[in-house]
Every structure is written in C-alpha cells, then in structure tokens.
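Coordinates in review
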Amino acid sequence: MLNDDMTVLHTEKAPYKLFGREEAKWVNVSFKQSVAAPTTFWVCLDFNAEHTKGVYVSYDTSTGGQHSKIGLPGKESEDITFAGDWMIQVTVSKQL
C-alpha cells in the first residue's frame, strides 16, 4: 500500500499457489493485521515475475484506463498502454 507520494505504508506477501493458471477468477488476499489507510492510497503488486513464473492479471477496458498505472515503489510510475484498468479491487472491512 502506497500513499499519494508513493511512500510505502504497508507490505503484505501472498504465496503463488493462490493464483492458479485456470480461468480468470477473483483471488482474495487477506492482510494478517489491520492496516490504517489514508483516504486516498495506491495498491502496488509485485509478482516478482521471471521467464518461468508470474501471475496473469485481467483488465477491463470499459473505464479507459483512468485508475491504473504501471510501476513499483521507488520508481516512476507510467501510464498503462492498453486503455483499461487492472482488475484489482481493495475491500475495506472496517473503518478504524
């Protein structure tokens, strides 16, 4: 989780086995502990992809790419090139 100036606020790891190679589906990754989030924040996923491993993430072109970027913490983010948004959703379970 990153704040607006791209400072890392929280890091959570999830095993590759959660992300199967079958049809596209939603995958839940629950945080081990509650995290206080600012009103506006970014979610950055790094799958540590290589030639023999990685994760496929679906995207939706109905939004025109208004809400997604490509990048990693510590590096400048870039606009996406496929005019869509990554199919990644954050669910807030409770307000602290």
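The model shown is predicted, which means the values in this text are computed figures rather than measured ones. (Residues numbered from 1 in each chain as written. Predicted model: local features only at pLDDT ≥ 70, side-chain atom pairs only at ≥ 80, totals over all residues. Heavy atoms only, no water.)

Observations concerning the overall build of the protein
Secondary structure assignment for the protein yields 0 helices and 4 strands. For the protein, the sequential pattern of α-helices and β-strands runs β-β-β-β. On the principal axes, the C-alpha backbone points of the protein span a range of 35 × 30 × 25 Å. Every one of the 96 residues in the protein was classed for burial, and the buried ones make up 10%. Contacts in the protein between residues at least 24 apart in sequence constitute 54% of all its contacts with a sequence separation of at least 6. For the protein, the exposed area adds up to about 8200 Å²; of that, 50% sits on carbon and sulfur atoms. (Helix = DSSP H or I, 4+ residues; strand = E, 2+ residues; numbered from the N terminus. Buried < 20%, exposed > 50% of the residue type's maximum accessible area, 1.4 Å probe, protein only. Contact = heavy atoms within 4.5 Å. Areas by Shrake-Rupley, 256 points an atom, 1.4 Å probe, with all protein chains shown as cover.)

Here's the deal with a nonpolar patch on the surface
A surface patch of nonpolar side chains, about 410 Å² in accessible area, is lined by V43, L45, I88, V90 and V92. Examined against the element boundaries, I88 turns out to sit in the segment after β4 (85-86). Residue classification places I88 among the partly exposed positions, given a relative accessible area of 40%. (Patch = residues over 30% accessible without salt bridge, like charges linked within 9 Å, V, L, I, M, F, W, Y side chains within 5 Å. Salt bridge = Lys/Arg side-chain N within 4 Å of Asp/Glu carboxyl O.)

Keep in mind these numbers describe shape, not what the thing actually does.
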